[in-house]
Amino acid sequence: MNVHESDKIAALLTSHGLTRTDDHETADILIFNTCTVRNTAEEKIISHIGLAHSQKRGGRRVTIAVVGCLSQREGVATSLMKKFPRLDIILGTHNIGRIATAVDNATAGKKTLDIITEREDFTVPVTDTVRTDNTDLVTHKPGTDTHFINITYGCENYCTYCIVPYVRGKLISRPMSEIESEFAEYKTGTVYLLGQNVNSYKCPETNTDFVGLLRHLSRDTNVMLNFLSSHPRDFTNELAAEIASNPRIDKNIHLPIQSGSTRILKLMNRGYTADDFRAKIANLRALCVDVKLTTDIICGFPSETDDDFAETMQLVRDIKFNAAFIFPYSRRSGTPADKMPDQIPQKIKKERTTKLIELQRQIANAKIQP
Ligand code: 5AD
Ligand code: SF4
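Remember, predicted model here, so these are calculated numbers, not experimental data.

Side note on the site of ligand 1
Phase 1: Taken together, V37, R38, Y161, Q258, D296, I298, P328, Y329, S330 and R332 make up all the residues around ligand 1.
Phase 2: Y161 has a polar backbone atom sitting 3.0 Å from a nitrogen atom of ligand 1.
Phase 3: In this structure, an oxygen atom belonging to ligand 1 sits 2.6 Å away from a side-chain N or O atom of Q258.
Phase 4: In the complex, 82% of the free accessible area of ligand 1, which totals 410 Å², lies under the protein chains.
Phase 5: In a pocket analysis with a 2 Å cut-off to the grid points, ligand 1 is assigned to the largest pocket.
Phase 6: The residue inventory of the shell around ligand 1, partitioned by class, reads five nonpolar, two polar and three charged.

Focus on the site of ligand 2
Phase 1: All residues in the neighbourhood of ligand 2 are listed as C155, N157, Y158, C159, Y161, C162, V164, P165, Q196, H231 and R270.
Phase 2: For ligand 2, the cavity whose grid points lie within 2 Å of the majority of its atoms is the largest pocket.

Re the pairing of strand β8 (residues 190-194)
Phase 1: Counting buried positions along β8 yields five of five residues, so the element is predominantly enclosed.
Phase 2: Going residue by residue along β8, you find T190, Y192 and L194 tucked away on one face and V191 and L193 tucked away on the opposite face as well.
Phase 3: Bridging between strand β5 (residues 146-150) and β8 involves five bridges; their strand directions are parallel. Note that in β8 the partner of H147 across the bridge is V191.
Phase 4: Crossover handedness for the path β8 to helix α8 (residues 210-218) to strand β9 (residues 224-228): right-handed.

A closer look at the pairing of strand β12 (residues 323-328)
On a regular strand, each side chain points to the face opposite its neighbour's, so the side chains alternate between the two faces of the sheet.
Phase 1: Both strand β11 (residues 292-299) and β12 contribute to a ladder of six bridges, which runs parallel. Paired with T295 across the bridge in β12 is A324.
Phase 2: A crossover links β11 with its parallel partner β12, the connecting element being helix α12 (residues 306-319), and its sense is right-handed.

About the criteria used
- Residues numbered from 1 in each chain as written.
- Chains lettered and ligands numbered in written order.
- Predicted model: local features only at pLDDT ≥ 70, side-chain atom pairs only at ≥ 80, totals over all residues.
- Heavy atoms only, no water.
- Near = heavy atom within 4 Å.
- Polar contact = N/O pair within 3.5 Å; in protein donor to acceptor, adjacent residues only side chain to side chain.
- Areas by Shrake-Rupley, 256 points an atom, 1.4 Å probe, with all protein chains shown as cover.
- 1 Å grid on protein atoms, 1.4 Å probe; cavity = no way out; pocket = protein on both sides within 12 Å on 5 of 7 lines; lining within 4 Å.
- Sits in = over half its atoms within 2 Å of the grid points.
- Nonpolar A, V, L, I, M, F, W, Y, C, P; charged D, E, K, R; others polar.
- Buried < 20%, exposed > 50% of the residue type's maximum accessible area, 1.4 Å probe, protein only.
- Helix = DSSP H or I, 4+ residues; strand = E, 2+ residues; numbered from the N terminus.
- Pairing = 2+ DSSP bridges.
- Right-handed = clockwise from strand over helix to strand, strands pointing away.

Functional significance is not addressed by these values, which are geometric in nature.
Following this line, the structure appears as structure tokens:
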């Protein structure tokens, strides 16, 4: 999602006459597209902003912008402006479409602090030219055949550990007609359909659901389809059957489990049990023998016992994911889990994370060398 958003920002500014560069030493504008899902991501980006802010550059004026989830977090934008007085632009998750105007303002010596709480609607049709009024853009990147299309924005699942619903707002599905026009721009490679929970897609015009959208897009194309991320609760048998039978759907499926303990999954508000997850995977593998699975796992959620953790280890042993993104639980202020009793000490969270990563590494290696 962030990579795609950075590409959209680049597309907007390119159409505004600027040139993209990854060389931050010589750039005239530095844009930090931030993440706030875990504290470490937040700390890292703040230290980078601080570094950019303190650099002298021989008196050359550089515009500094902070956009994305961190700036959207309550109170953060104003405190960043205070901490870094030479910041020119702060935009929230809903209005990166205003980046070009904000850059013009910065050039004229005017600061922009623009955080809106709900995203405006997306009623403007896709045209051949890059749109500047909102950010549903086709982003052709030279040298890559991987493309991204947002099908939903926001999330209303409220997993108790997660900050996303608070910084990205309520779930909005884009009309299928818009997604279709954007999709038609891509003739080769793989298109990733993006959303926090793609399975909850529902076209506001036709009521088409996610499986319907996949079927529709894959009818007459050479492009492969993939999607990020699915939610196990909403991963239906119908979707599994579609993945298995549709030759245009990529068989690399990302399905975040988060924990192997049903007790912890309940506290996380995930809406499925460990056995539900096992059953869904068994069903998918029975239908689609060549499916490759990846997942996300959080270690040390509040009150997680050694037994809960042992259940996660066992599930990982049993399922044998091709890869897993494993992180220690990070407290996010404003989320229900942050206020839960029995927070796990940092040391234990780290130990469990290391242990699980090592187990997953062995499993992945064994898969490569059968
Ligand atoms: N702590 C640790 N990991 C988290 N994730 C989301 N919120 C947190 C948190 N507070 C992870 C989840 C999700 C992935 C994108 O980030 O595993 O699937
Ligand atoms: Fe966060 Fe849960 Fe929504 Fe994913 S589904 S973005 S983990 S609240």
